[in-house]
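An overview of the molecular structure
The residues making up each chain are set out below.
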Number of protein chains: 2
Amino acid sequence: MIRGNWFTEALEQRTAFSVRYGDTLFDENSTFQRVQIFESEAMGRVLILGGCFMVTEKDSFIYHEMLVHPAMAVVREPRKVLVIGGGDGVTVTEIVRYAGVESVILCEIDPLVVSACRAHLPKVSAGLSDPRVTVVNEDGAAFVARFQHEFDVILVDSTDPVGPGVALYETSFYESVRRGLRSGGAAVVQTESPLFMEDTFSSSVSNLGSVFGEGRCRPYLATIPSYPGALWSFTFCSEDMAPVLEAPESIPPQLEKELSYYSAEVHRAAFALPVFVRRLLRK
Amino acid sequence: MIRGNWFTEALEQRTAFSVRYGDTLFDENSTFQRVQIFESEAMGRVLILGGCFMVTEKDSFIYHEMLVHPAMAVVREPRKVLVIGGGDGVTVTEIVRYAGVESVILCEIDPLVVSACRAHLPKVSAGLSDPRVTVVNEDGAAFVARFQHEFDVILVDSTDPVGPGVALYETSFYESVRRGLRSGGAAVVQTESPLFMEDTFSSSVSNLGSVFGEGRCRPYLATIPSYPGALWSFTFCSEDMAPVLEAPESIPPQLEKELSYYSAEVHRAAFALPVFVRRLLRK
């Protein structure tokens, strides 16, 4: 039925998403995981980490705009930003669109991800070359634990809770993230699919709530076709800032021109949760 | 890598979604298409028409709630409803939740779809047995052309624009739908994925606009993991009713208890289109 070379990510041997690919641009093993980049007609260049789709040129604008811009819009004049995970550089590329940002630290445990993406995903990883960006290759949980009241925005751009990603789902890590934020700051954590990984979603949001305080963690959603379940969640966490009430009515015109998914209207809409998602949060 | 029996729907030999299945409950060819129903762990029972996922017990609540409830909420006291396509009965099952509905005509060209779903998807097709529902097996485009100012709500629950679905993407069909609506009525047409089938999406919305009038057709979105591209569109068409301005602030409490996706808040949010979708509409 299906011809040619296909890359398939199967979720628990129950469902699978496949992309037909042409050239393999990169395929090496690091200490942590297998890192693959290939060229595909449907999705453009595709980054696979440990057998899972991470970035595709076709749809990654959705994930990365929705990880970055809600927090950047709500926090007043964000200057110092920390990204944990996200060695592909796409998150950083979104952050450096803001002229007011003074420094971005990208803490990616696996240097091979960074070098492979610099070489083979130059467009979407371009932000890595911005002079305000510092890349450190350390364990994200250990790194963030060193800071107190340091960052305006912290973004947790983790892989799934397997392999090197496990530490980024622990309550002690969330506690470090909270302590790393300055007053008026916000963190956003990717919290998996509420449809296909409902347990991970519920427990992550619940654990974040126990750290930041009741009502201070608000999940929001976007559609990422290349991720299992497609309906994907992020959780906005802040001790002071409410993500909908304090969202601006509009975004800067220059930014509006550059983006493909996010707008002030999309920001508000993303926090309107389908009924079954609200029910998961009540458990 | 992947074990057991998998059913795969490939989109233009470029991407594919697969579900591992157990028992085959039904597999026959009608005059129009192959009709398959199987049992799967991940998605529950699954209906495949002509090789494409149509209904899964896991995620079809999203598609069907979002096809039905926005129009039912905006139109005042809808009494007569026409569904074109949707022989699986899931759309009808959503419609008969409204006590005020007096009659529902389901016009499905393929009687095999209806009988297979009655037998093997009894829960989600239960509405087919409601005494207010009449099933007619005719060509939907020819059927609706017989009516003028007859229906409060018309829902176009079509397959993709291949095989028996082709006629349901033609402007002459949209013209018949417009004439079939009474004053104050509304139609909703499923208009494919703006991410993976952008040409079909753009041309459908544009053709609907040329029939109903500029500004009288408003696309809205939901995430359907089992459909290609996952980000799925519906277009709300009405000569008199604005889908957001005239949407009620809340829905009846009984309905709220029964639904799993749709709410008044989700209604409004679904019409907030990502930037790239707005750009497709300007072409």
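Residues numbered from 1 in each chain as written. Chains lettered and ligands numbered in written order. Predicted model: local features only at pLDDT ≥ 70, side-chain atom pairs only at ≥ 80, totals over all residues.

Next up on the list: the environment of Pro248 of chain B. Relative to the elements of secondary structure, Pro248 of chain B occurs in the loop between β12 (231-237) and α7 (253-258). In this view, Pro248 of chain B contacts Ala73 and Ala264 of chain B; residues no more than four positions away in its chain are not counted. (Helix = DSSP H or I, 4+ residues; strand = E, 2+ residues; numbered from the N terminus. Contact = placed C-beta atoms within 7 Å.)

This part is about the relation of the copies chain A and chain B. To go from the first copy of the chain to the second, apply a rotation about an axis and then a shift along the same axis. Of the two same-sequence chains, chain A is brought onto chain B (RMSD 0.0 Å, axial shift 0.0 Å) by a rotation of 180°. These values place the two chain copies in the arrangement generated by a two-fold rotation axis. Interface residue correspondence from chain A to chain B reaches 100%, placing this contact among same-surface, isologous pairings. (Least-squares fit on C-alpha atoms with pLDDT ≥ 70 in both.)

A separate point is the packing of helix α5 (residues 171-180) of chain B against helix α6 (residues 198-212) of chain B. All names here are of chain B. Interhelical geometry of α5 versus α6 gives an angle of 45° and a closest axis separation of 9 Å. Here α5 is positioned oblique relative to α6, judged by the angle of their axes. Considering how the two elements wind past one another, α5 and α6 form a crossing that is right-handed. Counted together, Thr171, Tyr174, Glu175 and Arg178 of α5 and Asn207, Leu208, Ser210, Val211 and Phe212 of α6 form the full contact between these two elements. Across the contact of α5 with α6, the residue classes break down as four nonpolar, three polar and two charged. (Axes fitted to C-alpha atoms, helices over the stretch in contact; angles between N-to-C directions. Parallel < 35°, antiparallel > 145°, perpendicular 65-115°, else oblique. Left-handed = near helix turned anticlockwise from the far one by under 90°. Nonpolar A, V, L, I, M, F, W, Y, C, P; charged D, E, K, R; others polar.)

Listed by partner, the interface residues are 36 residues for chain A and 36 residues for chain B. The leading source of residues in the side of chain A that touches chain B is strand β2 (residues 15-29) of chain A, at six residues. Of the residues in the side of chain A that touches chain B, the class split is 21 nonpolar, eight polar and seven charged. Pairing between β2 of chain A and strand β2 (residues 15-29) of chain B: five bridges, direction antiparallel. Paired with Ser18 of chain A across the strands is Ala16 of chain B, a residue of β2 of chain B. (Pairing = 2+ DSSP bridges.)

Residue and element names in this part refer to chain A. Domain annotation for chain A reports domain 1 (6-56) and domain 2 (60-282). With centres defined by C-alpha atoms, the gap from domain 1 to domain 2 works out at 22 Å. Counting residues at the interface gives 21 residues for domain 1, matched by 20 residues for domain 2. When residues of the side of domain 1 that touches domain 2 are traced back to their parent elements, those giving at least two are β2, β3 (34-40), β4 (44-49) and β5 (52-56). The residue makeup of the side of domain 1 that touches domain 2, split by class, is 14 nonpolar, five polar and two charged. (Domains from an automatic or database assignment.)

This part takes up α6 of chain B. Residues and elements named next belong to chain B. An ideal rise of 1.5 Å per residue puts 21 Å on 15 residues; α6 measures up with 21 Å between its terminal C-alpha atoms. Buried residues in α6 make contact with α5, β10 (181-190), β11 (217-223), β12 and α9 (275-282). At the C-terminal side of α6, Gly213 shows a positive phi close to 110°. (Expected span 1.5 Å × (residues − 1).)

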